[in-house]
Every structure is written in structure tokens, then in C-alpha cells.
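Chain residues, written in single-letter form:
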Amino acid sequence: MDKNLPEINVGVVGHIDHGKTTLLSRITGKFTDTHSEELKRGITIKLGYTETLIYKDKDNYNAKGKGKPIRYVSFIDAPGHEMLMAKMLSGAAIIDAAILVIAANEGIKPQTREHFMALQAKDIKNIIVIQNKIDLVSKEQALKNYKEIKEFLKGTIAENALIIPVSAQQGINIEKILEELTKLKIPERDHQSKPIFLVARSFDINKPGTTPEKLKGGVLGGILKKGVLKVGDEIEIKPGISIKKPHKETEYQTLTTKISSLYKGKESLDEIEPGASVSIETALDPFLTKADSLTGCIVSTKGVLPEISKKLDIEPKFFEEVLGIKERKKVEDIKTKELLMLSINTTITIGNVEKISDDKIEFALNIPVIALKGDKVGIARNIDGHWRLIGFGKVL
Ligand code: GDP
Ligand code: MG
């Protein structure tokens, strides 16, 4: 693979069952619902990952290796289930662009709104809208649905976004999506800053029964937001692992280790640049990274990351109405002592509201986070047993 190919990270978002996972498997020829529980239940629970190279052969765009490779795209398949909104927000932290899937037979639904709002709040301006399942509707219905989508997008960042009619199931118009993916503007990457790598998944890649000499170190998957990382770099992973002691508060311990190898898809690299969606193989005991145990952590070179903190101050901005539900409901004022769910980068924590002033809320957190100044924070409130998005904030 050409290492200098432009690379972009694209999230696939939208209401449950509108066809996100099906679409992604059509685009890439790969399947993202790989967890057995997800296959059983037919819904995406975790963030799914897949990547593809897009090739251009005269005027034909394809992911099958025909013609010249022109772009590398990593995809994040977000769960559309209302209970998994927080997971979707973690996904939004690591994408540059998004495909918003709306089923033509159902139209705009609660998670369509909620996900779209999350994209807006995270400043994701590159959006391709897919009007899916056109095989299920008449021409009139398709047109009516198109107008509904146009109305929905009016006055937003995606006002002029292209709306592509598609049947993911029957593979209609997929080529057009590939073409549009190659036209998405690649955001400017910051090579100069110290590295910031967001961990979105972590695992043990060893097969059971591997002999100790052959064991591979723990692996972290995610995105390098800024800076550069190289094989051999000494790295720090924060907040790291949690240590529970009887009758004491859980403590967090920073992990330090070395990068033993870097992978983009199956390709091994010596160095990664900002924007890259990669796996880092470390010298850590794979026991420490298995089953996503380090998801939500941040990685940098030694001495760069701030102290682990259970305090968080944000400048909030609340929506008029609660998102993610069918009925219309005003966002009531925040109260002190209230517990809110906060989503920061790829991590989620619960914050106890300690102090409210004009444009600041001070939280005490149950799980500490590494929050960098300016990071976007999703704020959700528990309403009738579900976490609902009520606003966004900026880390102060
Ligand atoms: P997700 O929850 O958004 O990931 O949706 P899935 O990709 O799991 O699709 C939900 C259901 O819709 C599955 O049964 C798909 O086979 C079906 N589906 C997806 N795309 C289409 C389409 O274009 N046309 C039709 N008729 N069904 C579709
Ligand atoms: Mg899915």
C-alpha cells in the first residue's frame, strides 16, 4: 500500500435498522458485526471497524483493486440503538467525516436527530447523506422522503450535503458513494504537536495456547489525533489500569511501555502520521489490554499527558429540547448534585455536578479522565431510565 495516499476516517451513523452495517459491508466488501453477541441480536453493540482502499479506473470508483488506488478510508460503524448513544459519541471523537444513513421508508427518526446533532457538536462538517432502502418505496414516497431530508438539513452544516439514493441490500448506487468518499476534504493534520493517540479498542491478539516466547504484546487500536509515533517510542497510557482495593476507592495506574510494532490494516509501518487509524502493538502483558480494557485511554510519549484527574470544568451549551426521544421535551435546568453522563474523546464517565456558575459547570467524576483543554464533551441526562443527549461542553 502506498503510505502517502490520502487517508480519512469516516463514521457511519443513523437510526437503528436503517442499514448502516449492510451499507458498510457493501462499500468495503467486509463485514463489521463480528462479535457473536451482535450477530445473534442483529444489532451493532460495539463500534465496528473496517477499512478499504478506493481505486479509480477511468470513471469507475471501486474497492476491488481495479485501476489506481487513490484514497485510504477507515470506517467506524456506530451503533444506532438508543441505549448506545454514548458509544456513538465515542465514535464521533475519532472521525473526520460521516455518512448519515436514513431509510427512505422510515424517514427521520430519534437517533437520526441525535446522531446528526452529535456530528454538528463535534464540528464534523463533511457529511454524505444516504437515502437507503429505496427498493422498498415508490417513486412518490422516495420524493417525499427526499423533501423531508432536505427540510431536516436546512440551516445546518449539512444544508448542501449530497443526498444519494441507495439500496444497500441490492447494491444500488454504491459506486457513487465511493466516488464521493474520494472527494471528501481531508482535514489539516497537525504533525508538529506532541502525539495524542485516542484508544478506541484494545485486545489480546494471541491464540489460546501460544507459547510464552511467541506471545505478542498487548494491542491498542484507535486514532492518532496529532503528532507522530514511531516503533520504539516509549509511551505512556493514561488513565491506565484500574486497581480495586477492598474498602478503598479504585485507583488508576498509568502504564508505560514501548511501541513494538504499528499496523494499518494488515500493513506494518515504522511510523504513523496524524489522522491514521492504526493498531499499536506494545510490550505490555496482553492480559492488560484484553477485552477493550484500555478503551478510552489516551497515549502519548512520556511526560506529555496531564495528571489523572477526577475534577472536570466545562463550559456547557444545552439544547432547547432533549434529543433521542420521540416526544418533545424541554431540557430542564441543571441542578447541583445531579449526576450526568459525560462523553470525552473515546471515554465515558459520570459527573456529579458540584458547582454551577454562568458559563461553567464543575464536576466531580466517578471515573477519572484525561481531558485536554478545548476537548468537546457530550452531556447526557438520565430521563426515565435512559441516557439522553441534552447538550455539549468544552473542557476549560
Ligand atoms: P443498522 O442497524 O443501521 O446497522 O442496520 P442493518 O444494516 O443491520 O440493517 C437492518 C435491516 O435492514 C437488515 O435486515 C438489512 O438486511 C435491511 N436492509 C439494509 N439495507 C437495506 C436496503 O437497502 N433495502 C432493504 N430492503 N433492506 C435493507
Ligand atoms: Mg449496525
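Reading the values: rules and limits
- Residues numbered from 1 in each chain as written.
- Chains lettered and ligands numbered in written order.
- Predicted model: local features only at pLDDT ≥ 70, side-chain atom pairs only at ≥ 80, totals over all residues.
- Heavy atoms only, no water.
- Helix = DSSP H or I, 4+ residues; strand = E, 2+ residues; numbered from the N terminus.
- Rg over C-alpha atoms; globule rule 2.2 N^0.38 Å.
- Contact = heavy atoms within 4.5 Å.
- Lys, Arg positive; Asp, Glu negative; His and termini not counted.
- Charge placed at Lys NZ, Arg CZ, Asp CG, Glu CD.
- Salt bridge = Lys/Arg side-chain N within 4 Å of Asp/Glu carboxyl O.
- Buried < 20%, exposed > 50% of the residue type's maximum accessible area, 1.4 Å probe, protein only.
- Pairing = 2+ DSSP bridges.
- Axes fitted to C-alpha atoms, helices over the stretch in contact; angles between N-to-C directions.
- Near = heavy atom within 4 Å.
- Polar contact = N/O pair within 3.5 Å; in protein donor to acceptor, adjacent residues only side chain to side chain.
- Areas by Shrake-Rupley, 256 points an atom, 1.4 Å probe, with all protein chains shown as cover.
- 1 Å grid on protein atoms, 1.4 Å probe; cavity = no way out; pocket = protein on both sides within 12 Å on 5 of 7 lines; lining within 4 Å.
- Points joined across faces, edges and corners; volume = space filled by probe spheres on them.
- Core = buried A, V, L, I, M, F, W, Y, C linked by side-chain atoms within 4.5 Å.
- Domains from an automatic or database assignment.
- Buried area = accessible area lost by both parts, 1.4 Å probe.
- Nonpolar A, V, L, I, M, F, W, Y, C, P; charged D, E, K, R; others polar.

Asks: Before we move on, could you go through the overall build of the protein chain and cite the residues and values that matter?
Replies: Summing up its helical and strand segments, the protein chain has 6 helices and 22 strands in all. Against the 2.2 N^0.38 benchmark of 21 Å for 396 residues, the protein chain shows a C-alpha radius of gyration of 21 Å, consistent with a compact globule. The dimensions of the protein chain, computed from C-alpha atoms along their principal axes, are 65 × 55 × 40 Å. Taking contacts inside the protein chain between residues at least 6 apart in sequence as the whole, the part at least 24 apart equals 70%. Averaging the locations of the 61 positively and 54 negatively charged side chains of the protein chain gives two centres separated by 1 Å.

Asks: If you had to explain the pattern of salt bridges to someone new, which residues and values would you point to?
Replies: Under the definition given, this model contains 14 salt bridges. Linking E249 and K310 is a salt bridge whose minimum nitrogen-to-oxygen distance equals 2.6 Å. Of this pair, E249 sits in the loop between β11 (234-243) and β12 (251-264) while K310 sits in strand β17 (residues 309-318); the two residues are 61 residues apart in sequence, bridging distant segments of the chain. Because the salt bridges share partners, they merge into one network encompassing K176, E179, E180 and K183.

Asks: Break down the pairing of strand β9 (residues 219-226) for me, citing the residues and quoting the values.
Replies: The buried count for β9 comes to 6 of 8 residues, which makes it a mostly enclosed element. As defined by bridge partners, strand β8 (residues 196-203) adjoins β9 across 7 bridges and the pair is classed as antiparallel. Residue pairing across strands places S202 opposite L220, the latter belonging to β9. Pairing analysis gives 5 bridges linking β9 to strand β15 (residues 277-282), with the strands arranged antiparallel.

Asks: Can you lay out the sheet that holds strand β20 (residues 360-369) for me, pointing to particular residues and giving the numbers?
Replies: Ordered by their spatial adjacency, 6 strands build a closed barrel running β17-β20-β19-β18-β21-β22, and the pairing between neighbours is antiparallel. Adjacent strand axes in the sheet meet at a mean angle of 45 degrees, parallel and antiparallel pairs treated alike. Seen against the sheet, helix α3 (residues 85-92) touches β18 (339-344), β19 (347-357), β21 (376-383) and β22 (386-395) and runs at an angle of roughly 30 degrees to β22. Taken strand by strand, helix α4 (residues 110-121) contacts β21 and β22, and its axis lies near 10 degrees from that of β22.

Asks: Kindly report on the sheet that holds strand β7 (residues 163-165), identifying the contributing residues and their values.
Replies: The strand order β3-β2-β4-β1-β5-β6-β7 describes an open sheet built from 7 strands, whose pairing is mixed. The sheet is open, and its two edges are formed by β3 (60-62) and β7, each paired on a single side. Each strand of the sheet is rotated relative to its neighbour by a mean of 25 degrees, with strand direction disregarded. In the sheet, strand β5 (residues 97-103) pairs with strand β6 (residues 126-132) via 7 bridges, with the strands oriented parallel. Directly across from L100, in β6, lies its bridge partner V129. Contacts from helix α1 (residues 20-28) reach β1 (7-14), β2 (48-57), β4 (68-77), β5 and β6 within the one sheet, and its direction differs from that of β4 by about 160 degrees. Contacting β1, β2, β3, β4, β5, β6 and β7, helix α6 (residues 174-183) crosses the sheet at an angle of about 85 degrees to β3.

Asks: Could you give an account of α1, naming the residues involved and the relevant values?
Replies: Given 3.6 residues per turn, any residue in an α-helix points the same way as the ones three and four places further on. Counting buried positions along α1 gives 7 out of 9 residues, so the element sits mostly inside the fold. Those residues of α1 lying buried are K20, T21, L23, L24, S25, I27 and T28. Residues of α1 that are buried sit in contact with β1, β2, β4, β5, β6 and α6. Just downstream of α1 lies G29, where phi reads positive at about 75 degrees.

Asks: Please set out the site of ligand 1 residue by residue, giving values where relevant.
Replies: D17, K20, T22, D135 and A168 are the nearest of the 15 residues found near ligand 1. In the environment of ligand 1, an oxygen atom lies 2.5 Å from a nitrogen or oxygen atom belonging to the side chain of T22. For ligand 1, an oxygen atom lies 2.9 Å from a polar atom in the backbone of A168. Isolated, ligand 1 exposes 580 Å² of accessible area, and the fraction of that covered by the protein chains is 80%.

Asks: For the layout of surface pockets, give the residues involved together with the corresponding values.
Replies: For the second largest pocket, the calculated volume is near 810 Å³. Lining of the second largest pocket is provided by 28 residues; of these, A93, I95, D96, K122 and K225 occupy positions nearest its centre. Looking at the lining of the second largest pocket, the elements that each hand over two or more residues are β8 and β9. If one sorts the elements of the lining of the second largest pocket by residue count, β9 sits on top with 4 residues.

Asks: Quick rundown of the nonpolar core? Include the residues and the values.
Replies: For soluble globular proteins, nonpolar side chains are generally found buried alongside one another. Counting 61 residues, the largest nonpolar core has F116, L119, V129, L153, L312 and F363 as its most contacted members. Considering each element in turn, this core owes the most residues, 5 residues, to α3. When sequence neighbours within four positions are dropped, the list of residues in contact with L153 reads F116, V129, A158, E159 and I163. If you look at the next biggest cluster of nonpolar residues, it comprises 23 residues, including I8, I27, A168 and I177.

Asks: So what's going on with the domain arrangement of the protein chain? Which residues, and what values?
Replies: The assigned domain composition of the protein chain is domain 1 (7-183), domain 2 (196-301) and domain 3 (309-395). Put simply, the middle of domain 1 and the middle of domain 2, counted by C-alpha atoms, are 29 Å apart. Across the contact, 9 residues belong to domain 1 and 11 residues belong to domain 2. Taking both sides of the interface into account, the surface hidden between domain 1 and domain 2 amounts to around 890 Å²; carbon and sulfur atoms contribute 52%.

Asks: Run through empty space enclosed by the protein, naming residues and quoting values.
Replies: In total, this model carries 1 cavity of 30 Å³ or more according to the counting rule given. Each pocket or cavity is described by its volume, and for the largest cavity that value is around 40 Å³. For the largest cavity, the full set of lining residues is G11, V12, V13, I76, A78, M88, G91, A92 and I95. Those elements giving two or more residues to the lining of the largest cavity turn out to be β1 and α3. Split by residue class, the lining of the largest cavity holds 7 nonpolar, 2 polar and no charged.

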